[in-house]
Amino acid sequence: MRFIILAIIFITSFSVSAGGPWLNKKKEGFFQLQSTFPASAYNRLFLENGKESILNKSVLDYTVQVYLEYGITDRLDLISILPYKFVSTESSSDTSQTLNGILNGLSNYKLGFKYQLSDKNIKVATSIQSSFNSISKDLEKGLITGYDANSVGLYFHLGKGFSKNIYSFIDLGANIVGNDFSNYLDIHYELGYQIKPSLWAAFTLDLRESLKNGSYSNNNLKQTGLYTNNQEYFAFGIKASYELKNKIGFNIASFGAFSGNYVAKIATFSLGIYTKW
């Protein structure tokens with residue numbers, strides 16, 4: 001089974017509250033602490049057209065992030081995400097030991113505003129989502145904690161609750177990226193089911209498609225698969241969330257992929273704890 005690391009968690013946060021056209025009421029919110037980790041180090045990358053790249057080193061990539069949604073009004077939400085990453089490389093070749101390294105630091109800080117356009121049978125919302133260049137980097141060793149660029153995206157969110165037990169939504173976005181990175185399209189689809197009042201499960205699909213209109217290139221990053229230009233993926237995932245009566249909850253998720261470009265072939269898992277008010 002082929003799997004993919006999804007390091008830009010802003011695209012798909014692994015909670016039942018994130019994404020979609022549903023908003024918080026005024027002064028209500030959602031706060032989550034989450035960690036994402038791979039099954040092991042990886043040394044293979046997806047490339048376009050079904051090809052792959054075998055790396056001359058093994059790479060580890062861990063993320064811890066804080067996620068916040070807050071209702072400014074009944075129709076306007078603030079979304080803030082602060083990710084912190086731990087990345088490292090290790091080569092099996094004695095001649096490459098000097099290129100081994102460890103890097104910790106903030107990834108791209110995310111800030112967004114989501115506005116509800118329609119609260120009828122089919123829910124519709126739009127959002128502006130910005131990503132800031134708050135990263136750390138050691139390019140000589142191919143280590144970086146986020147994209148070396150700022151970006152802004154416009155998203156539309158459509159969804160529907162088919163019963164009290166089933167929901168479905170889709171997020172559609174177009175992102176403009178600076179520093180000669182390519183712009184990209186972003187699609188997230190989710191289908192969720194309420195197993196019992198406190199337990200939800202969901203299946204997701206994620207597509208990131210580069211427009212390949214940017215000239216940024218770094219060969220060292222292509223040797224680690226960490227935040228290089230023209231990254232793409234077509235991914236699937238499963239996630240579950242269990243909520244206690246005091247509105248404290250727990251979630252777990254795992255993601256895999258059908259295809260990609262300059263992204264890792266490795267299973268990734270996510271664990272989180274959240275609260276609502």
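You'll find the structure just up there.
Below: a short report on this structure. Keep in mind it's a predicted model, so treat the numbers as computed, not measured.

**Topic: the overall build of the chain**
Counting its regular elements, the chain contains one helix and 17 strands. The C-alpha radius of gyration of the chain comes to 19 Å, within 12% of the 19 Å expected for a compact globule of 277 residues. Viewed in the frame of its principal axes, the chain has a C-alpha envelope of about 60 × 35 × 35 Å. Counting every position in the chain, which comprises 277 residues, the buried fraction comes to 51%.

**Observations concerning the nonpolar core**
The biggest cluster of nonpolar side chains holds 22 residues, and the ones touching the most others in it are Tyr42, Leu45, Ile144, Phe181 and Leu226. Put simply, the parts of the chain that give this core at least two residues each are β2 (42-46), β3 (52-73) and β9 (143-144). Not counting residues within four places of it along the chain, the set of residues in contact with Phe181 comprises Tyr147, Asp148, Ala149, Gly214, Tyr216, Tyr227, Thr228 and Asn229.

**Points about the packing of aromatic side chains**
Tallying each qualifying case throughout the model produces 14 aromatic pairs. Grouping aromatic residues by their ring pairs yields a cluster made of Trp22, Tyr167, Phe169 and Trp200. Residue placement shows Arg208 over the ring face of Tyr184; its charged tip is 3.6 Å from the ring centre.

**Here's the deal with the environment of Ile187**
As for its placement among the helices and strands, Ile187 is situated in strand β12 (residues 184-196). When sequence neighbours within four positions are dropped, the list of residues in contact with Ile187 reads Ile170, Asp171, Leu172, Leu205, Asp206 and Leu207.

The rules behind these values
Residues numbered from 1 in each chain as written. Predicted model: local features only at pLDDT ≥ 70, side-chain atom pairs only at ≥ 80, totals over all residues. Heavy atoms only, no water. Helix = DSSP H or I, 4+ residues; strand = E, 2+ residues; numbered from the N terminus. Rg over C-alpha atoms; globule rule 2.2 N^0.38 Å. Buried < 20%, exposed > 50% of the residue type's maximum accessible area, 1.4 Å probe, protein only. Core = buried A, V, L, I, M, F, W, Y, C linked by side-chain atoms within 4.5 Å. Contact = heavy atoms within 4.5 Å. Phe/Tyr/Trp six-rings, centres within 6.5 Å; stacked < 30°, edge-to-face > 60°. Lys NZ or Arg CZ within 6 Å of the ring centre and 35° of its normal.

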